[in-house]
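What follows is the residue order along each chain.
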Amino acid sequence: MIPVWEPVLDGNEKRYVLDCLETNWISSLGSYITRFEESVARYCGVPYGVACSSCTAALHLSLVALGIGPGDEVITTPMTFIATAEAIVQTGARPAFVDIDPNTGNLSVPEIARYLERGRFTSPNGPRAILPVHLYGLPAAMIELRNLAEACDLKIIEDACQAHGARLSYEGQSLYAGTIGAAGCFSFYPGKNLGAWGEGGAIATNDEEMAALVRTLRDHGRLSHYAHSAYGYNARLDTLQAAVLRPKLERLGEWNAQRRRLAALYRETLPEHGLTLLSEPEGTESCYHLFVIRSARRDAIRTALLQNQIECGIHYPLPLHLQPACRELGYAEGDFPHAEAMADSVLSLPMHPFLTEREVKTVSRTVKRALATG
Ligand SMILES: Cc1ncc(COP(=O)(O)O)c(C=O)c1O
């Protein structure tokens, strides 16, 4: 069986955990956390990293830190995992979905501009922020997003849960995804490009106040042990996860480079007809959390892959505006045609740094054969 993903382990996880146990750093927010946060900030090239219990918590707390709450709207994509919308709803605000760019799968900036121009908002205060997702590891159109956000006085929180180490050219610099908005939020769920031994998340930010607020909010609004500035949350990263994550972060570049090599091989060996590959616009560098193809014959390809012991996935089969959980937002089928068409046609092929070139060629051959028959 060729798995669609594998936890990216470096084989030393037991040692990292044991080292941590032996130093008695089981207590929360100790030096393992601080050192990991410093590594996240250094890696991303920003002054602050704040570790959280998950990316959902990181997104939620970043929005809370911006003062977003009941009566507000946050513009986001329907083509994402539900956690993106959950974080918005948890603040009391309302997700306002806008359609995607079918070439990349990411939020369409012209669609956001149209939504803002139309001005038919469903919450009393209207939009306060944009929450782009760097889907599958491909950076969203951050330059255009930032220009629009600045012109309309909106904040940006980046959902970089799938985009550790993805890069984009920005004002003559090469920056990491997650470092342009008010905060970039990362997930360390085991299947991510940088995976913990359990749950984990973090924010990266250039903003001292954002870092301080999220730091306080994740720890019961603590100022000192029994002094609390606000009602906060228990959203701390587990010390053992920090012990595992910090050394693994040093290998992220190497693992991402391998993902990019495998993605290039897929692009070279997959058939030209019968499927579409998502584009990687100039100036962007995906970290290929997933390698996703689109095809009208998606289900036939999927059947053929499974028959050949090749796992695949669908990210995501139902866009958020059509999810039962989002029913009360009042959206209907047809509202976001590009997202709906994408959900009907996407297929995630196996992608992880331990996949071999031979396995990639086998997958490509199987896709080709599936498209050639019937
Ligand atoms: C796009 C996106 N946003 C948010 C999340 C939530 O991350 P976590 O599981 O760390 O809360 C995920 C996780 O899969 C995700 O893929």
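Residues numbered from 1 in each chain as written. Predicted model: local features only at pLDDT ≥ 70, side-chain atom pairs only at ≥ 80, totals over all residues. Heavy atoms only, no water.

Caption draft 1: Summary view of the overall build of the protein chain. The secondary structure content of the protein chain amounts to 12 helices and 15 strands. Computed over C-alpha atoms, the radius of gyration of the protein chain comes to 21 Å, within 12% of the 21 Å expected from 2.2 N^0.38 for 374 residues, which places it in the range of a compact globule. With the principal axes as the frame, the protein chain shows a C-alpha extent of 70 × 55 × 40 Å. Taking all 374 residues of the protein chain together, the buried fraction comes to 55%. Put simply, 72% of the contacts in the protein chain that link residues at least 6 apart link residues at least 24 apart. (Helix = DSSP H or I, 4+ residues; strand = E, 2+ residues; numbered from the N terminus. Rg over C-alpha atoms; globule rule 2.2 N^0.38 Å. Buried < 20%, exposed > 50% of the residue type's maximum accessible area, 1.4 Å probe, protein only. Contact = heavy atoms within 4.5 Å.)

Caption draft 2: Geometry of the site of the ligand. Every one of the 15 residues lining the ligand counts as a neighbour, but C55, T56, D159, S187 and K192 are closest to it. Here C55 contributes a backbone N or O atom positioned 2.9 Å from an oxygen atom of the ligand. Protein burial of the ligand: of its 390 Å² of free accessible surface, 91% is covered by the chains. (Near = heavy atom within 4 Å. Polar contact = N/O pair within 3.5 Å; in protein donor to acceptor, adjacent residues only side chain to side chain. Areas by Shrake-Rupley, 256 points an atom, 1.4 Å probe, with all protein chains shown as cover.)

Caption draft 3: Representation of the packing of aromatic side chains in the model. Taken as a whole and judged by the stated rule, the model has 8 aromatic pairs. Seen from their ring centres, Y43 and Y176 are 4.7 Å apart, and the 25 degrees between their planes marks the pair as stacked. Of this pair, Y43 sits in helix 2 (residues 31-44) while Y176 sits in strand 7 (residues 173-176), placing them 133 residues apart in sequence. Across from the ring centre of Y32, 5.6 Å away, lies the NZ or CZ of R35, which sits over that ring. The aromatic ring of Y176 is capped on one face by R167, whose charged end is 4.3 Å from the ring centroid. (Phe/Tyr/Trp six-rings, centres within 6.5 Å; stacked < 30°, edge-to-face > 60°. Lys NZ or Arg CZ within 6 Å of the ring centre and 35° of its normal.)

Caption draft 4: Structural detail: the environment of E111. Within the element layout of this structure, E111 appears in helix 5 (residues 109-118). With 24 residues separating them along the chain, E111 and A87 place their C-alpha atoms 22 Å apart. In this structure, E111 is in contact with V98 and D99, ignoring residues within four places of it in sequence.

Caption draft 5: Geometry of the state of the cysteines. Summed over all chains, the structure comprises 1 disulfide. The partner cysteine of C55 in its disulfide is C161, sulfur to sulfur 2.0 Å. Sign of the S-S torsion, about -100 degrees for the bond between C55 and C161, identifies this disulfide as left-handed. Taken together, the residues C55 in helix 3 (residues 55-65) and C161 in the loop between strand 5 (155-159) and strand 6 (167-170) connect sequence positions 106 residues apart. By the burial criterion, C55 is buried, and C161 matches it. Not part of a disulfide, C20 finds its nearest cysteine sulfur in C52, a span of 18 Å. C326 forms no disulfide, and the closest cysteine sulfur to it belongs to C161, at a distance of 16 Å. (Disulfide = S-S within 2.5 Å.)

Caption draft 6: Fine view of the sheet that holds strand 13 (residues 284-285). The sheet built from 3 strands is open, its strands ordered 7-6-13 with antiparallel pairing. Among the strands making up the open sheet, the edge pair consists of strand 7 and strand 13. Bridge count for strand 6 against strand 13 is 2 bridges, and the pairing is antiparallel. When the sheet's bridge partners are listed, L168 is paired in strand 13 with T284. (Pairing = 2+ DSSP bridges.)

Caption draft 7: Representation of the packing of helix 1 (residues 13-22) against helix 8 (residues 239-249) in the model. Where helix 1 contacts helix 8, the axes come no closer than 9 Å and their chain directions differ by 130 degrees. With respect to helix 8, the axis of helix 1 lies oblique. Of the two possible hands of crossing, helix 1 and helix 8 adopt the one that is right-handed. Residues E13, Y16, V17, C20 and L21 of helix 1 lie in contact with helix 8, whose contacting residues are T239, L240, A243, V244, P247 and K248. (Axes fitted to C-alpha atoms, helices over the stretch in contact; angles between N-to-C directions. Parallel < 35°, antiparallel > 145°, perpendicular 65-115°, else oblique. Left-handed = near helix turned anticlockwise from the far one by under 90°.)

Caption draft 8: A look at the packing of helix 3 against helix 4 (residues 83-90). The geometry of helix 3 relative to helix 4 is characterised by a closest axis approach of 8 Å and an angle of 35 degrees between their N-to-C directions. Between helix 3 and helix 4 the crossing geometry is right-handed. On the side of helix 3, the interface is formed by T56, L59, H60 and L63, while helix 4 contributes A83, T84, E86, A87, I88 and Q90. Classifying every residue of the contact of helix 3 with helix 4 gives 5 nonpolar, 4 polar and 1 charged. (Nonpolar A, V, L, I, M, F, W, Y, C, P; charged D, E, K, R; others polar.)

Caption draft 9: View of the pattern of salt bridges. Applying the stated criterion across every chain, the model contains 12 salt bridges. Between R15 and D19 there is a salt bridge whose closest N-O contact spans 3.8 Å. Placement of the pair is R15 and D19 together in helix 1, with a separation of 4 residues, close to one helical turn. A relative accessible area of 44% means that R15 is categorised as partly exposed. (Salt bridge = Lys/Arg side-chain N within 4 Å of Asp/Glu carboxyl O.)

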